[in-house]
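Listed here are the chains, written in short residue letters.
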Amino acid sequence: MEFLERTYLVNDKATKMYAFTLDSVELQQKTLNKNQCPGEKPEEPESGAIYHCHGNSKAAENRANEQQYAKWKLRAASGICFAFMIAEVVGGHVAGSLAVVTDAAHLLTDLTSFLLSLFSLWLSSKPPSKRLTFGWHRAEILGALLSILCVWVVTGVLVYLACGRLLYPDYQIQTTIMIIVSGCAVAANIMLSVILHQRRPGHNHKGVQVNASVRAAFVHALGDLFQSISVLTSALIIYFKPDYKMADPICTFVFSILVMASTITVLKDFSILLMEGVPKNLNYNSMKELMLAVEGVVSVHSLHVWSLTMNQAIVSVHVAAAASRDSQVVRREIAEALSNSFPVHSLTIQMESPAEQDPDCLFCEDPQD
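Keep in mind that this is a model prediction, so the values were computed, not measured. (Residues numbered from 1 in each chain as written. Predicted model: local features only at pLDDT ≥ 70, side-chain atom pairs only at ≥ 80, totals over all residues. Heavy atoms only, no water.)

1. A closer look at the side chain of S302
Then step 1. Along the polypeptide, S302 turns up in strand 1 (residues 297-307).
Then step 2. The exposure class of S302 is buried, given its relative accessible area of 14%.
Then step 3. Apart from the residues within four sequence positions on either side, S302 is in contact with S316, V317, H318, F363 and C364. (Helix = DSSP H or I, 4+ residues; strand = E, 2+ residues; numbered from the N terminus. Buried < 20%, exposed > 50% of the residue type's maximum accessible area, 1.4 Å probe, protein only. Contact = heavy atoms within 4.5 Å.)

Pasting the structure below:
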């Protein structure tokens, strides 16, 4: 039996009554969820109950925890970075080492990057507007890309200065001070790397997801660690073999290559995100199979999966439901299945009937592998 959808005009009094009913039903549902035992299968709501489209989504809560954790990491890293940057500037000037001074410049770039990441996190938390309906989430990605660009610029400057020292080797280095300062720099950058390191979602016992700004900052810290190891290595070589002072610019060359290589994976992930690609932690085929497994689903097409940030996935899909089942019930079960299995920030499901399907439609075809 088919039911026709009807539209009614209601007055203000009736509107308030319906709004009160909605709040009451939501309150009852929350009370039932709190009294539910862990691991117990949730009870099926009664027929005719009111459902909210975002009721089963944990994306907002996960996003808040992610941003709070990211801000803590970036603030701690900024404090450590500033303190050791001042120490390297003074120590590098006294030692006369270009490698130490340039490492301090690298720390200055890192500090700027950390502050920029904090600003982008604040900007991404602003509410959506009629102009930016998804909000400012992409500001975090743009800030992270700018942070990676700073790594490239500083690495290029280091290579340029190292070339100058190879061409004009008329400089003196106080290796003892250089060893002390570079050793402290290695320790500082290890601390930064530990603070900024993020476990993958599958290995994160705190439930905090990977943040793009912190990931870019970690690349910065990793690059600084390589640079500091380079400075310490060249300092030890020059200390034991004073005639080999060319080790200072040569080590800069070697570790600059490592720094550049460390940014490739991050840039690849960010590029896929900006190209509206499927996020790494989601699988297109798995999501489609999960929806097809829902009772009453006949076919799934026009499935699109993309992401605002590293963990803000968006899904839109067309679903053909069997006439024997209520399409709204099918839609609700699909939404629950997806929200329980994937970190979906926004989900749009268009319900259709099998009779409306066009096998010759190019837009309904599955994408290529």
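Let us keep going from here.
2. Examining the packing of helix 9 (residues 284-292) against helix 10 (residues 327-341)
Then step 1. Interaxial distance between helix 9 and helix 10 falls to 9 Å at its minimum, and their mutual angle equals 145 degrees. Read as a crossing pair, helix 9 and helix 10 show a hand that is right-handed. Facing helix 9, whose interface residues are M287, L290 and M291, helix 10 presents I334, A337, L338 and S341.
Then step 2. For the contact of helix 9 with helix 10, the class distribution of residues is six nonpolar, one polar and no charged. (Axes fitted to C-alpha atoms, helices over the stretch in contact; angles between N-to-C directions. Left-handed = near helix turned anticlockwise from the far one by under 90°. Nonpolar A, V, L, I, M, F, W, Y, C, P; charged D, E, K, R; others polar.)

3. A few points about a nonpolar patch on the surface
Then step 1. Residues L146, L149, W152, V153, V157, Y160, L161 and M260 make up a contiguous nonpolar surface patch of about 740 Å² in total accessible area.
Then step 2. Broken down by element, the nonpolar patch gets its largest block of residues, seven residues, from helix 4 (residues 138-167).
Then step 3. Inspection of the secondary structure assignment puts L161 in helix 4. (Patch = residues over 30% accessible without salt bridge, like charges linked within 9 Å, V, L, I, M, F, W, Y side chains within 5 Å. Areas by Shrake-Rupley, 256 points an atom, 1.4 Å probe, with all protein chains shown as cover. Salt bridge = Lys/Arg side-chain N within 4 Å of Asp/Glu carboxyl O.)

4. Observations regarding the environment of T155
Then step 1. With respect to the element layout, T155 can be found in helix 4.
Then step 2. Spatially, the C-alpha atoms of T155 and F253 are 9.2 Å apart, while their sequence positions differ by 98 residues.

5. Some remarks on the environment of F119
Then step 1. As for its position among the elements, F119 is in helix 3 (residues 98-124).
Then step 2. Each C-alpha atom, one on F119 and one on E140, is 8.7 Å from the other, the two residues being 21 residues apart in sequence.

6. Details of the environment of I80
Then step 1. Relative to the assigned elements, I80 resides in helix 2 (residues 59-95).
Then step 2. The class for I80 is buried, based on a relative accessible area of 17%.
Then step 3. Discounting chain neighbours no more than four positions away, the residues touching I80 are A188, M191, L192 and I195.

7. As for the confidence of the model for the protein
Then step 1. Taken residue by residue, the protein gives an average pLDDT of 75. The fraction at 70 or more is 78%.
Then step 2. Within the protein, helix 1 (residues 12-35) has the poorest average pLDDT of any element, 39, and helix 9 the best, 92.
Then step 3. pLDDT under 50 marks residues 1-48. Its contacts with residues more than four places away, or in other chains, come to 13 contacts.
Then step 4. When the criterion is pLDDT under 50, residues 201-207 qualifies, and its contacts beyond four places in sequence or with other chains add up to five contacts. (pLDDT = per-residue confidence, 0-100.)

8. Here we look at the nonpolar core
Then step 1. Counting residues in hydrophobic clusters, the biggest one holds 22 residues, and the most contacted among them are V319 and I334.
Then step 2. Elements with a minimum of two residues in this core: helix 9, strand 1, strand 2 (313-321), helix 10 and strand 3 (344-352).
Then step 3. The biggest single contributor to this core is strand 2, with five residues.
Then step 4. Ignoring anything within four residues of it in the chain, the contact list for I334 reads M291, V294, V297, V319 and I349.
Then step 5. Of all hydrophobic cores here, the second largest spans 17 residues; its members include A70, A77, L107 and L121. (Core = buried A, V, L, I, M, F, W, Y, C linked by side-chain atoms within 4.5 Å.)

9. Points about the packing of helix 4 against helix 7 (residues 247-262)
Then step 1. Across the interface, helix 4 lies against helix 7 with an axial gap of 9 Å and an inter-helix angle of 160 degrees. Considering their axes alone, helix 4 and helix 7 lie roughly antiparallel with respect to each other. The two elements helix 4 and helix 7 cross, and the hand of that crossing is left-handed. Two secondary-structure elements touch here, helix 4 through V151, W152, T155, L158, V159, A162, C163, R165 and L166 and helix 7 through D248, P249, I250, T252, F253, S256, V259 and M260. (Parallel < 35°, antiparallel > 145°, perpendicular 65-115°, else oblique.)

10. Quick word on the pairing of strand 2
Note on strand geometry: in a regular strand, side chains alternate between the two faces of the sheet.
Then step 1. Among the nine residues of strand 2, eight are classified as buried, and the element is accordingly described as predominantly covered.
Then step 2. Sheet analysis places strand 1 next to strand 2, joined by eight bridges and oriented antiparallel. Within strand 2, the residue paired with V305 across the bridge is V315.
Then step 3. With antiparallel pairing between neighbouring strands as the criterion, strand 1 and strand 2 make up a hairpin whose turn holds five residues.
Then step 4. What joins strand 2 to strand 3 is helix 10, and the crossover it makes is right-handed. (Pairing = 2+ DSSP bridges. Right-handed = clockwise from strand over helix to strand, strands pointing away.)

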